[in-house]
Amino acid sequence: MYFLFQHQTEWTQFYTYGAIFLFLAVFVLIFSLRNMDLFERGTLVSTDSDKHQGFCAFRPVTPEEAVEESLLLDSIAWPETSPLVSLEQTSDPAHSTFTVLPRKGGGQWHVGDQLEVMIKMHDFQGHPRKSGGDLLLSRLHNPRLGAGVAGQVVDHLNGSYSAVFTLIWEGDAQVEVTLVHPSEAITLLRRLNREVPDRIYFKSLFRSGSKTETTTCNVCLRPAQRPLCNYTDLRTGEPWFCYKPKNLSCDARVRHFTGGFDENLTAKEKKLFQNNVNMKVPIRASGSPSVTVLPHEAGQPEVRSSVVKSGPSGYYYQGAWRALGGTVVRQFNSPSAISQCLRSKMIHVHGDSTVRQWYEYLDAALPDLKEFNIHSMRQGGPVMAFDYRNNIFLKFRCHGAPLRIDSFPSRELHYVANELDSLPGGSDTVVVLGVWAHFGTFPIEVYIRRLQSIRKAVVRLLDRAPGTLVVIRTGNMKTMDFMKALTNSDWYSIQRDKVLRAVFKGLNVRLVDAWEMVLAHHLPHDLHPQPPIIKNMVNVLLSYICPQ
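Small disclaimer: the values here were computed from a predicted structure and weren't measured.

Calculation notes
- Residues numbered from 1 in each chain as written.
- Predicted model: local features only at pLDDT ≥ 70, side-chain atom pairs only at ≥ 80, totals over all residues.
- Heavy atoms only, no water.
- Helix = DSSP H or I, 4+ residues; strand = E, 2+ residues; numbered from the N terminus.
- Buried < 20%, exposed > 50% of the residue type's maximum accessible area, 1.4 Å probe, protein only.
- Contact = heavy atoms within 4.5 Å.
- Areas by Shrake-Rupley, 256 points an atom, 1.4 Å probe, with all protein chains shown as cover.
- Lys, Arg positive; Asp, Glu negative; His and termini not counted.
- Charge placed at Lys NZ, Arg CZ, Asp CG, Glu CD.
- Pairing = 2+ DSSP bridges.
- Domains from an automatic or database assignment.
- Buried area = accessible area lost by both parts, 1.4 Å probe.
- Salt bridge = Lys/Arg side-chain N within 4 Å of Asp/Glu carboxyl O.
- Nonpolar A, V, L, I, M, F, W, Y, C, P; charged D, E, K, R; others polar.
- Disulfide = S-S within 2.5 Å.
- Axes fitted to C-alpha atoms, helices over the stretch in contact; angles between N-to-C directions.
- UniProt positions renumbered as here; feature names shortened; annotations may be inferred.
- Expected span 1.5 Å × (residues − 1).
- Arc of directions from axis to C-beta.

K.L.:
How would you explain the overall build of the protein chain if you had to name every residue and give the values?
P.N.:
Looking only at helices and strands, the protein chain features twelve helices and 27 strands. Along the longest, intermediate and shortest principal axes, the C-alpha atoms of the protein chain span 110 × 65 × 55 Å. Looking at the protein chain as a whole, 54% of its 548 residues are labelled buried. Look at the contacts in the protein chain between residues 6 or more apart in sequence, and 75% of them connect residues 24 or more apart. Element-wise, carbon and sulfur atoms account for 55% of the exposed surface of the protein chain, whose accessible area totals about 24800 Å². Considering the protein chain, the positive charge centre built from 59 side chains and the negative charge centre built from 52 side chains are found 3 Å apart.

In structure tokens:
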């Protein structure tokens, strides 16, 4: 009896102490969370301690997404580039040249042939470059015909490059090659994203009654001896943090805005980003930059280049964009034509200011479309307009953080994936997405995971409403000065453009190839393309909605 009583007492004590220990552990956890004053609870945030100084937060991914991310990183791998030693040893567009190669097999050029150009890069001392990694852009154009097409540049990793063009129109065709960045500048851009991903920083305003405080926020927030507010989205897992205000709750956050920019460059490094010297500078031709293109001859084999496997997505002719394959691009030149196409449609536009341009174009083009004033910021939305006669609904909303914007209500920072999950969808619904311009300064994994999150929402939308039309705007190149190069360089844009196309490949979505539409046009590059280009982009969108 004594043995049994003693045994039961020991077990009772074990459970009692265990319960006390569990209670204390829960109490400590709750106290810690309350002390941190986390905005949202229960969100797991993964960090990578080996990359980006270990202070960037990453959305957790599935094993399948992790494998895809690795493959995407491999697919956009840039040639190894050298650090800056001397500006004199970097690529100089004034000493570099390109040469139009003669037609293989001889004879004259015909529509359908592929024209090849050899580019030879030299440094500021006139010496040939021996390695690759420069960023070059090329196009073929005819100003008189309003014609233009993007070229494809191939890096031979030895200081020489090929540019390949498909000959599409009859008549004169002139080659244009531009050095965007020497390889040493790209080395620096890569280093900045690795070591200083928080060089653009954000702020949040916290308010409670008459008390206000402002703190720094970011997806890459450096450790500090102060608690954090965790605004990680519970549904998507997208991370966002702010330093906690000293005297206010995390729940008191009311505004989000861009805080500023830290250069983090030496005077020597800044010389890699000089307009009219080594950034966005044309390269001269050695010989004639033009060829004459004759009509296509039936039965005559077309000359194809061996260095590229694909061609352009479209071209301009008489100022109008024409697709090469897929949907025929129609011209919607009157308000009535646009209204007829959009009748009984709901168009939801989500993304950055480059896709807001489409909303603004349609809002201006349709006289019966009346914007409904909900006292929101037009810069970020939500803004919406109605055409009651034609039953048209048009809405724009910016994407969630990171977002460079003037003071903006933090409650209006909605993630695109969550917005898509709220849509019923259907044959009367058009979704337009444009998410790219605000992700250049961050590790590209941040962008990859954002797109993966959006893609899952697109798949869910198309599963429940297969008739929904989803159209995605790609990124584009822009005019650059020193500041823009460090935040929105074309190199950042082209890397993200490749990722976007790969992530959505194979899905039932449509792309508007803004990259080629800006590159092929005669107007200067601009983050926000000029009206003639926007008109052509909207014509592509409307052609998807109302195919011929």
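K.L.:
Quick rundown of the pairing of strand E6 (residues 135-142)? Include the residues and the values.
P.N.:
Within E6, eight of the eight residues are buried, leaving the element largely enclosed by the surrounding structure. Burial of the side chains of E6 extends over both faces: Leu 135, Leu 137, Arg 139 and His 141 are buried on one face and Leu 136, Ser 138, Leu 140 and Asn 142 on the other. Relative to strand E10 (residues 171-181), E6 runs antiparallel, the two being bridged by seven bridges. Paired with Arg 139 across the bridge in E10 is Glu 176. Pairing analysis gives four bridges linking E6 to strand E7 (residues 147-150), with the strands arranged antiparallel.

K.L.:
Which residues make up the sheet that holds strand E12 (residues 211-218), and what values do they have?
P.N.:
Strand order in this open sheet of six strands is E13-E14-E12-E11-E15-E24, and the pairing throughout is antiparallel. Each edge of the open sheet carries a strand with a single partner, namely strand E13 (228-230) and strand E24 (408-409). Note that strand E11 (residues 200-208) and E12 share seven bridges and pair antiparallel. Counterpart to Phe 206 in the pairing with E12 is Glu 213.

K.L.:
I'd love a proper account of the domain arrangement of the protein chain, names of residues and values included.
P.N.:
When the parts of a complex come together, some accessible area is lost, and that lost area is often taken as the interface size. Here the domain parsing of the protein chain yields domain 1 (87-186 + 281-293), domain 2 (197-267) and domain 3 (314-545). If you average the C-alpha positions of domain 1 and of domain 3, the two centres end up 31 Å apart. Contact residues are listed per partner, giving 15 residues for domain 1 and 21 residues for domain 3. Summing both sides of the interface, domain 1 and domain 3 together bury roughly 1400 Å²; the carbon and sulfur share of this comes to 71%. It is Leu 137, Arg 139 and Ile 168 that lose the most area in domain 1 upon contact with domain 3, and together they represent 31% of the buried surface on that side. Across the domain 1-domain 3 interface, the total number found is zero salt bridges. When residues of the side of domain 1 that touches domain 3 are traced back to their parent elements, those giving at least two are E6, E7 and E10. Here the residues of the side of domain 1 that touches domain 3 sort into ten nonpolar, four polar and one charged.

K.L.:
For the state of the cysteines, give the residues involved together with the corresponding values.
P.N.:
Scanning the model with the defined rule gives four disulfides in all. Note on cysteine connectivity: Cys 56 is disulfide-linked to Cys 220, with sulfurs 2.0 Å apart. Where Cys 56 bonds to Cys 220 through sulfur, the torsion about that S-S bond is close to 105 degrees, and the disulfide is right-handed. Residue Cys 56 is located in the loop between strand E1 (46-47) and strand E2 (57-58), and its partner Cys 220 is located in the loop between E12 and E13; the two are separated by 164 residues in the primary sequence. Judged by relative accessible area, which is 1%, Cys 56 ranks as buried. The exposure class assigned to Cys 220 is buried, which follows from its relative accessible area of 1%. Covalently, Cys 341 is tied to Cys 546 through a disulfide, its sulfur atoms 2.1 Å apart.

K.L.:
So what's going on with the sheet that holds strand E25 (residues 429-434)? Which residues, and what values?
P.N.:
On the basis of which strands lie adjacent, the open sheet formed by seven strands has the order E21-E22-E23-E20-E25-E26-E27 and mixed pairing. Looking at strand neighbours, the two that pair on one side only are strand E21 (370-372) and strand E27 (510-512), the edges of this open sheet. Each adjacent strand pair in this sheet contributes to an overall mean axis angle of 20 degrees, direction not counted. Relative to strand E23 (residues 392-398), strand E20 (residues 346-351) runs parallel, the two sharing six bridges. The residue of E23 that forms the bridge with His 348 is Lys 395.

K.L.:
I'd like a description of the UniProt feature "domain: NXPE C-terminal" (unreviewed entry) in the protein chain, backed by residues and values.
P.N.:
The UniProt feature table records "domain: NXPE C-terminal" (unreviewed entry) at residues 321-546. Annotated as residues 321-546, this span is 40% helix and 18% strand, and its ends, taken at the C-alpha atoms, are 16 Å apart.

K.L.:
Describe helix H2 (residues 63-75), naming the residues involved and giving the relevant values.
P.N.:
For H2, which comprises 13 residues, the first-to-last C-alpha distance of 19 Å matches the rise-based estimate of 18 Å (1.5 Å per residue) to within 8%. Looking only at H2, the buried set comprises Glu 65, Glu 68, Glu 69 and Leu 72. All buried residues of H2 fall inside an arc of 105 degrees around its axis, so they share one side. Counted as exposed and oriented over 90 degrees from the buried face of H2: Pro 63, Leu 71 and Asp 74. On its buried face, H2 sits against helix H8 (444-464) and helix H10 (490-503).

K.L.:
So what's going on with unusual backbone geometry? Which residues, and what values?
P.N.:
Leave glycine aside and you will find that most residues have negative phi; peptide bonds, for their part, are mostly trans. Here the amide bond leading from Gly 381 into Pro 382 is cis, since omega sits at 0 degrees, within 30 degrees of zero. With respect to the helices, strands and loops of the structure, Pro 382 is situated in the loop between E21 and strand E22 (383-387). Across the junction of Ala 401 and Pro 402, the peptide omega takes the value 5 degrees, indicating a cis bond. Looking at the element boundaries, Pro 402 is found in the loop between E23 and E24. In this model, Asn 276 sits at a positive phi of 65 degrees, which is unusual for a non-glycine residue. Note that Asn 276 resides in the loop between helix H4 (267-270) and strand E16 (281-285). Take Asn 276: its relative accessible area is 73%, and that puts it in the exposed class. The backbone phi angle of Ser 344 is positive, close to 65 degrees, even though this residue is not glycine. The class of Ser 344 is partly exposed, set by a relative accessible area of 37%.

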